[in-house]
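An overview of the molecular structure
Given next are the chains, with one letter for each unit.
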Protein chains: 2
Amino acid sequence: MTMSNTGGRRKPPTIHDVAREAGVSRGTVSRVLNGGHYVSPTAQEAVNAAIRRTGYVVNRHARSLITGRSDSIGFLLTEPQERFFEDPNFNVLLSGCTQALAAHDIPLLLMLAGTRDERRRITRYITAGHVDGVLLVSSHSGDPVAEELREAGVPLVQCGKPMGLGAKVSYVAADDRDGARDMVRHLLSLGRRRIGMVSGPLDTPGGVDRLAGYKEVLTEAGVEIDERLVVSGDYSRASGEAGTERLLARAPDMDALFVASDLMAQGALTALRRAGRRVPEDVSVGGFDDSSAATEATPALTTVRQPYDRISAEMVRLLLAQIGGEDPAAVILPTELVKREST
Amino acid sequence: MTMSNTGGRRKPPTIHDVAREAGVSRGTVSRVLNGGHYVSPTAQEAVNAAIRRTGYVVNRHARSLITGRSDSIGFLLTEPQERFFEDPNFNVLLSGCTQALAAHDIPLLLMLAGTRDERRRITRYITAGHVDGVLLVSSHSGDPVAEELREAGVPLVQCGKPMGLGAKVSYVAADDRDGARDMVRHLLSLGRRRIGMVSGPLDTPGGVDRLAGYKEVLTEAGVEIDERLVVSGDYSRASGEAGTERLLARAPDMDALFVASDLMAQGALTALRRAGRRVPEDVSVGGFDDSSAATEATPALTTVRQPYDRISAEMVRLLLAQIGGEDPAAVILPTELVKREST
DNA sequence: TTCTCTACTGTGAACGCTCACAGAAGCATG
DNA sequence: CATGCTTCTGTGAGCGTTCACAGTAGAGAA
């Protein structure tokens, strides 16, 4: 027979209390709360004072009930959650989005949908209107969740270029191809010619574009493209390690290695060390992302910086615009080559 | 003049629609939705069928408005956000809590309160009743946010033992002292006698307990405690590196090192490598946490495993119990020594 | 039969807010 | 002096639920 809840929260003041306190009507308080148009300065001030005195905070549920908006947005990750654990990029993105939204006083709901069941549950939750929009992180292509949400008309911004269907979907991405070009040019400038690549998954635009940049620069420079020097991974550390082992077996004369993510590059360093290759003396290694994995690695990784702070800010901006009725849009942000010890 | 929203979401069915479809009243549908007590099997079935046909999903705002519950809970991090970026433990905890709550169909709101302003904003948000309870991660002691929330009567569960005021607050923690004892015994068993320690911050119980365990075992074993062998850090990689340098300067004959977090241990490895000490030949190194930082490190770290999956599950369990009216409780979970290459 | 009890069902009110509307006041224009 | 326009204010309705209460039907007991 548990009595009152610990601490006993008492009833918070309502808009009615504020109105009485300020000597105005509910309508006036509501108007002040929503931008203050058509409110006299006198009333404006009286209401603000009353709000301060009473400690009033708007009840978002009551508001949402009538506006139909929830004033909250979801951060959806449709990846197996090990990747979330492992990849420092997600942290940065998540925290960046949380902060960008906090500036608009919008809470962020974290949604992890690794399994089929979770995906179904979460899709239903979203399409029921419990969030006004979704920030989607999914390196996978042809993500069924993205498709469903788009069909349901849910405002959506993806991180990274989505596969297929072009203009209809908002996304923010770094310039993968250009970043890859910079890195390969850098490796060439060091005199390396047998440059290997561990690419990302080739069913994702990011994976494809980085590989394309690599091939483009080599061709330009008159270096023959050797398919034995190219393998693909899934951005995990383990796949970087395995891929590098395969490369070493197929092309022992490899003198440089461009790895499509820092995490995979960490794996590559492990494989190279085990094979007795010195980095950067025997093999120069370049990563991609400039995540914390790059500085943690020994030696510290030369890498292509993706501007995650700007990416998250842009994702939020685009999503809010879309919720406000604007059309979907795409933003491509420039990358930057960061030189460290591994090249 | 933007016309209808992209895709055009149409109005979702209400409980009324379901009632009409099922040929019963709103009340009956509501009862089915909330556990199905006092509902005939016939009605039960009719309602469920109607729900399926209409695709009805309960409007949480309307429900919250009347129940006073929000059916959502907050994950609050009152740390500077760099720590969130860097420390893999947070990921694991966050993702574990999200999943544990998903099983109860409760969304999790991510709240990052690194600065004073953010803390104020978020405290107001929470005390206004926008979440039913809070999972708090704060290694800092005497956290003002924790204090305020407790005073406001907000159900709260902390990760890690809080400083001071004992029984009144719920928390879940690993057995720090016991874990430290295991590690130091292990180092002693390797024949090491000059065992250094980089402890955590000494204004946190976790930091204090791990140090206590260290001293306890040494004393038991008849090894004299040398204060030159002890420094403290703040769990960041950088502080582990700096601390280890200090130790090496003060006690060059150190033959083992117990570091109170894996992240700091990574820093320690860097410092040792720079000083030309081989690990584990010259110096055995032990970490704490068994985060992904432990396996990433070279050599892979021997460490004390904190059962983060169980910690997050227990935090959620305790919080839900507390929201249900139960008293705050504490849970201490056992740790486990994980031997790898560094010892 | 009549009463009581249990199992079930329907209904109005309320939660706290916003929105549409009506109306008041002030000022310029015809 | 009426008319219109603009700026401001108050009021009732209603958003989609749950909750308390009243009411019905059927079973069993007196």
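The rules behind these values
- Residues numbered from 1 in each chain as written.
- Chains lettered and ligands numbered in written order.
- Predicted model: local features only at pLDDT ≥ 70, side-chain atom pairs only at ≥ 80, totals over all residues.
- Heavy atoms only, no water.
- Near = heavy atom within 4 Å.
- Polar contact = N/O pair within 3.5 Å; in protein donor to acceptor, adjacent residues only side chain to side chain.
- Helix = DSSP H or I, 4+ residues; strand = E, 2+ residues; numbered from the N terminus.
- Nonpolar A, V, L, I, M, F, W, Y, C, P; charged D, E, K, R; others polar.
- UniProt positions renumbered as here; feature names shortened; annotations may be inferred.
- Buried < 20%, exposed > 50% of the residue type's maximum accessible area, 1.4 Å probe, protein only.
- Least-squares fit on C-alpha atoms with pLDDT ≥ 70 in both.
- Contact = heavy atoms within 4.5 Å.
- Buried area = accessible area lost by both parts, 1.4 Å probe.
- Salt bridge = Lys/Arg side-chain N within 4 Å of Asp/Glu carboxyl O.
- Pairing = 2+ DSSP bridges.
- Domains from an automatic or database assignment.
- Axes fitted to C-alpha atoms, helices over the stretch in contact; angles between N-to-C directions.
- pLDDT = per-residue confidence, 0-100.
- Arc of directions from axis to C-beta.
- Core = buried A, V, L, I, M, F, W, Y, C linked by side-chain atoms within 4.5 Å.

Taken together, 25 residues surround DNA strand D, and among them Arg26(A), Ser40(A), Ile15(B), Ser30(B) and Tyr56(B) come closest. A share of 60% of the atoms of DNA strand D within 4 Å of the protein falls on sugar and phosphate groups. Within the side chain of Arg26(B), one N or O atom sits 2.7 Å away from a base oxygen of DNA strand D. The separation between a phosphate oxygen of DNA strand D and a polar side-chain atom of Arg63(B) is 2.9 Å. Among the secondary structure elements, those contributing two or more residues to the surface near DNA strand D are helix 2 (26-33) and helix 4 (60-67) of chain A together with helix 2 (26-33) and helix 4 (60-67) of chain B. Here the surface near DNA strand D gets five residues from one element, more than from any other, and that element is helix 4 of chain B. Split into classes, the residues belonging to the surface near DNA strand D amount to 11 nonpolar, nine polar and five charged.

What follows concerns the UniProt feature "domain: HTH lacI-type" (unreviewed entry) in chain A. Here the UniProt-annotated "domain: HTH lacI-type" (unreviewed entry) positions come out as residues 13-67 of chain A. Across residues 13-67 of chain A, helical content stands at 69% and strand content at 0%; the span's end C-alpha atoms are separated by 21 Å.

Turning our eyes to something else, we now look at the side chain of Ser284(A). Among the secondary structure elements, Ser284(A) is positioned in strand 9 (residues 284-286). By relative accessible area, which is 1% here, Ser284(A) ends up buried.

Our focus in this paragraph is the relation of the copies chain B and chain A. For the pair chain B and chain A, the superposition axis carries a translation of 0.0 Å, the fit reaches an RMSD of 0.1 Å, and the rotation angle comes to 180°. With respect to symmetry, the two chain copies, as superposed, fit the operation of a two-fold axis. Mapped onto chain A, 98% of the interface residues of chain B again fall at the interface, so both copies present the same surface.

Another aspect to go through is the protein's contact with DNA strand C. Inspection of the region around DNA strand C gives 26 residues, with Ile15(A), Arg26(A), Tyr56(A), Arg26(B) and Ser40(B) positioned closest. A share of 62% of the atoms of DNA strand C within 4 Å of the protein falls on sugar and phosphate groups. At a separation of 3.3 Å, a phosphate oxygen of DNA strand C approaches a polar side-chain atom of Asn34(A). Between a phosphate oxygen of DNA strand C and a main-chain N or O atom of Ser25(B), the distance comes to 2.8 Å. Broken down by secondary-structure element, the contributors of at least two residues to the surface near DNA strand C are helix 2 and helix 4 of chain A together with helix 2 and helix 4 of chain B. If one sorts the elements of the surface near DNA strand C by residue count, helix 4 of chain A sits on top with five residues. Residues belonging to the surface near DNA strand C are distributed by class as follows: 12 nonpolar, nine polar and five charged.

Chain B puts 54 residues into the contact, and the matching count from chain A is 54 residues. For the chain B and chain A pair, buried surface summed over both sides reaches about 4,800 Å², with 52% attributable to carbon and sulfur atoms. Seen at the junction of chain B and chain A, the total is four salt bridges. Salt-bridge contacts for Asp105(A) lead to Arg121(B); the nearest nitrogen and oxygen are separated by 2.8 Å. Counting across the chain B and chain A interface gives 12 residue pairs in polar contact (both at pLDDT 80 or more). Contributing elements (two or more residues each) for the side of chain B that touches chain A: helix 4, helix 5 (81-86), helix 6 (88-102), strand 2 (108-112), helix 7 (116-130), helix 12 (262-274) and helix 14 (308-323) of chain B. Among the elements that line the side of chain B that touches chain A, the one with the most residues is helix 7 of chain B, at eight residues. Bridge count between strand 2 (residues 108-112) of chain A and strand 2 of chain B: three bridges; the pairing is antiparallel. Paired with Leu109(A) across the two strands is Leu109(B), which belongs to strand 2 of chain B.

Turning to the domain arrangement of chain A, a few remarks are in order. Looking at the assigned domains, one finds that chain A contains domain 1 (15-58), domain 2 (73-174 + 308-334) and domain 3 (176-305). Each of domain 1 of chain A and domain 2 of chain A has a C-alpha centre, and these two points are 36 Å apart.

Moving on: the sheet that holds strand 6 (residues 195-199) of chain A. Residues and elements named next belong to chain A. Taken in spatial order, the four strands of this open sheet run 7-6-8-9, and their pairing is parallel. Each edge of the open sheet carries a strand with a single partner, namely strand 7 (230-232) and strand 9. Ignoring strand direction, the axes of neighbouring strands in this sheet form an average angle of 15°. Sheet topology note: the strand 6/strand 8 (residues 256-259) ladder contains four bridges and is parallel. Along strand 8, the bridge assignment pairs Met197 with Phe258. Strands strand 6, strand 7 and strand 8 of the sheet are contacted by helix 11 (residues 237-250), whose axis makes an angle of about 160° with strand 7. Docked against the sheet, helix 12 (residues 262-274) engages strand 6, strand 8 and strand 9, running at close to 150° with respect to strand 8.

Confidence in the prediction for chain A averages 91 pLDDT; 95% of positions are at 70 or higher. Every residue in residues 1-8 of chain A is under pLDDT 50, and counting partners more than four places away or in other chains gives eight contacts.

Now for helix 4 of chain A. Residue and element names in this part refer to chain A. Taken together, the buried positions of helix 4 are occupied by Arg60, His61 and Ser64. Projected onto a plane normal to the axis of helix 4, the buried residues spread over an arc of 95° and lie on a single side. For helix 4, the N-terminal capping position is held by Asn59, with its side-chain oxygen 2.8 Å away from the main-chain nitrogen of His61. At the C-terminal side of helix 4, Gly68 shows a positive phi close to 85°.

What follows covers the sheet that holds strand 5 (residues 170-174) of chain A. By way of backbone hydrogen bonds, the strands of a sheet pair with one another, either parallel or antiparallel. Read from one edge of the open sheet, 12 strands run 11(A)-5(A)-4(A)-3(A)-1(A)-2(A)-2(B)-1(B)-3(B)-4(B)-5(B)-11(B), paired in mixed fashion. Of all strands in the sheet, those with a lone pairing partner are strand 11 (330-333) of chain A together with strand 11 (330-333) of chain B, marking the two edges. In this sheet, adjacent strand axes meet at a mean angle of 20° when their direction is disregarded.

A few words now on the nonpolar core. Grouped together as the largest cluster of nonpolar side chains are 54 residues, with contacts concentrated most on Leu94(A), Leu135(A), Leu94(B) and Leu135(B). Residues in contact with Leu135(A), not counting those within four places in the same chain, are Ile73(A), Gly74(A), Phe75(A), Leu76(A), Cys97(A), Leu101(A), Leu108(A), Val157(A), Met315(A), Val316(A) and Leu319(A).

On to the pattern of salt bridges, then. Counting across every chain of the model gives 50 salt bridges over all chains. Among the salt bridges present, the one from Asp17(B) reaches Arg20(B), with a minimum N-O distance of 2.9 Å. Taken together, the positions of Asp17(B) and Arg20(B), both in helix 1 (residues 15-22) and three residues apart, correspond to about one turn of that helix. Of the charged contacts in the structure, one is a salt bridge between Asp226(B) and Arg228(B), with a shortest N-O distance of 2.8 Å. A relative accessible area of 13% places Asp226(B) in the buried class. Arg228(B) gets classed as partly exposed once you look at its relative accessible area, which sits at 46%. Several salt bridges share partner residues, and in doing so they unite Arg177(A), Asp178(A), Arg181(A) and Glu216(A) into one network.

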